[in-house]
Amino acid sequence: MNSELDILMELIVKSSHIVALTGAGISTNSGIPDFRGPNGLYRGNNEFEKLFSIEYFREHPNFFYSNFNEMFHKIKNANPNKGHMFLKKLEDMGKLKVIITQNIDGLHKKAGNTNVIELHGNLEKFICISCYHLIENDTEQYKKAIDKMSNKDVPHCEKCNGILKPDVVFFGEYVHDLEKALTEVQKADLLLTIGTSLVVYPASTLPSYIDEKAKLVIINREPTPYDEKAKVVLYEDIDVIADKLKIL
Ligand code: OAD
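Residues numbered from 1 in each chain as written. Predicted model: local features only at pLDDT ≥ 70, side-chain atom pairs only at ≥ 80, totals over all residues. Heavy atoms only, no water.

Student: Give a description of helix H8 (residues 238-245) that names residues and reports values.
Tutor: Of all the positions in H8, only Ile238, Asp239, Ile241, Ala242 and Leu245 are classed as buried. One side of H8 holds all its buried residues, which, seen down the axis, span an arc of 165 degrees. The inward-facing, buried residues of H8 abut helix H1 (4-14), helix H4 (82-92), strand E7 (190-194), strand E8 (215-219) and strand E9 (232-234). For H8, the side-chain oxygen to backbone nitrogen distance between the N-cap and aspartate 239 is 2.8 Å, and the N-cap itself is aspartate 237. Positive backbone phi, at 55 degrees, marks lysine 246, one or two positions downstream of H8. (Buried < 20%, exposed > 50% of the residue type's maximum accessible area, 1.4 Å probe, protein only. Helix = DSSP H or I, 4+ residues; strand = E, 2+ residues; numbered from the N terminus. Arc of directions from axis to C-beta. Contact = heavy atoms within 4.5 Å. Polar contact = N/O pair within 3.5 Å; in protein donor to acceptor, adjacent residues only side chain to side chain.)

Structure follows, in structure tokens:
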């Protein structure tokens with residue numbers, strides 16, 4: 001009988017329109033903690049659930065800035081790992097058409113993937129939560145905001161003195177490009193979900209929109225709510241899978 005890994009390899013060979021849906025677990029091997037894994041940010045620390053809440057941020061921006069600084073620098077200095085390179089290779093082979101990610105770390109683009117939908121945004125900009133002024137990467141204002149954050153201080157908008165927030169999606173805000181992501185999922189003949197607990201709405205609903213002939217594969221160290229619907233489920237580290245598949 002074929003192992004789950006053999007079946008996955010067979011599916012990759014047969015597929016011509018792969019879509020990947022990724023989460024924080026694909027970046028743990030780059031030194032960025034996930035949220036709900038055994039060493040996740042939210043494990044044993046209920047306080048951290050507030051970290052990405054827009055409602056809480058409006059009232060207590062200093063809580064975010066005093067706790068996010070370390071993670072911000074970790075993310076900025078991180079490099080893609082074997083999991084990211086596995087997806088880059090699938091794109092180079094002409095098989096992977098798009099990555100839909102919940103991650104804000106930009107590592108898929110750093111790995112060289114060209115079509116990446118970042119549902120939760122990225123850290124390339126700040127936005128003023130009062131006047132919505134955008135602060136672009138590498139501008140003087142962006143650097144000033146980083147300096148403030150490095151001092152665990154709250155950066156403010158130069159136009160209206162409102163509070164600046166990294167231009168990423170917090171709980172209570174709309175995700176980016178959801179319709180585009182949905183359309184892409186419906187085009188897939190194989191949806192590969194990697195390193196996501198598949199519990200955070202609306203990204204968590206995407207696997208339910210695949211075409212009836214399409215296959216779902218889940219690579220995640222822990223169970224997810226979609227495991228029973230998947231053709232293949234691998235409770236393994238994505239690095240180990242990438243090694244075993246030998247397509248890198
Ligand atoms: P989670 O932390 O919920 O899930 C990550 C999953 O990856 C866990 O189930 C881990 O077991 C698994 N995992 C960790 N490292 C792995 C590895 N090397 N190989 C395979 N699996 C691994 O992260 P997400 O599903 O991305 O949103 O969380 C979704 C959203 O919740 C995040 O984007 C963030 C968070 O709150 C916002 O901040 C708005």
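Student: Just give me the short version of the side chain of aspartate 239, but keep the residues and values in it.
Tutor: Relative to the assigned elements, aspartate 239 resides in helix H8. We note that aspartate 239 is buried and unpaired, the nearest opposite charge coming from lysine 82 at a distance of 5.0 Å. Once residues lying within four places of it in the same chain are set aside, the contact partners of aspartate 239 are Asn29, Asn81, Lys82 and Gly83. (Lys, Arg positive; Asp, Glu negative; His and termini not counted. Salt bridge = Lys/Arg side-chain N within 4 Å of Asp/Glu carboxyl O.)

Student: Would you mind going over the sheet that holds E9 in detail, with residue names and values included?
Tutor: Spatial strand order, E3-E2-E1-E7-E8-E9: 6 strands in an open sheet with parallel pairing. Looking along the sheet, the strands with just one partner apiece sit at the ends: strand E3 (116-118) and E9. Pairwise comparison of adjacent strand axes, ignoring direction, gives a mean angle of 15 degrees for this sheet. Examined bridge by bridge, E7 and E8 share 5 bridges and lie parallel to one another. Its bridge partner lying in E8, isoleucine 194 is registered against isoleucine 219. Packing of H1 onto the sheet brings it into contact with strand E1 (18-22), E7, E8 and E9, and relative to E9 it is tilted by some 125 degrees. Of the strands in this sheet, E1, strand E2 (96-101), E3 and E7 touch helix H7 (residues 178-187), which is tilted by about 140 degrees from E2. (Pairing = 2+ DSSP bridges. Axes fitted to C-alpha atoms, helices over the stretch in contact; angles between N-to-C directions.)

Student: Talk me through the nonpolar core; I want residue IDs and the actual numbers.
Tutor: One finds Phe57, Phe64, Phe68 and Phe126 to be the most contacted residues of the largest nonpolar core, which totals 33 residues. Broken down by secondary-structure element, the contributors of at least two residues to this core are helix H2 (54-59), helix H3 (61-77), strand E4 (121-128), helix H6 (140-150) and strand E6 (164-168). The element that contributes the greatest number of residues to this core is H3, accounting for 7 residues. Excluding residues within four positions of it along the chain, phenylalanine 68 makes contact with Phe52, Ile104, Leu123, Met149 and Pro166. Membership of the second largest hydrophobic core comes to 25 residues, among which are Leu5, Ile12, Ile18 and Val217. (Core = buried A, V, L, I, M, F, W, Y, C linked by side-chain atoms within 4.5 Å.)

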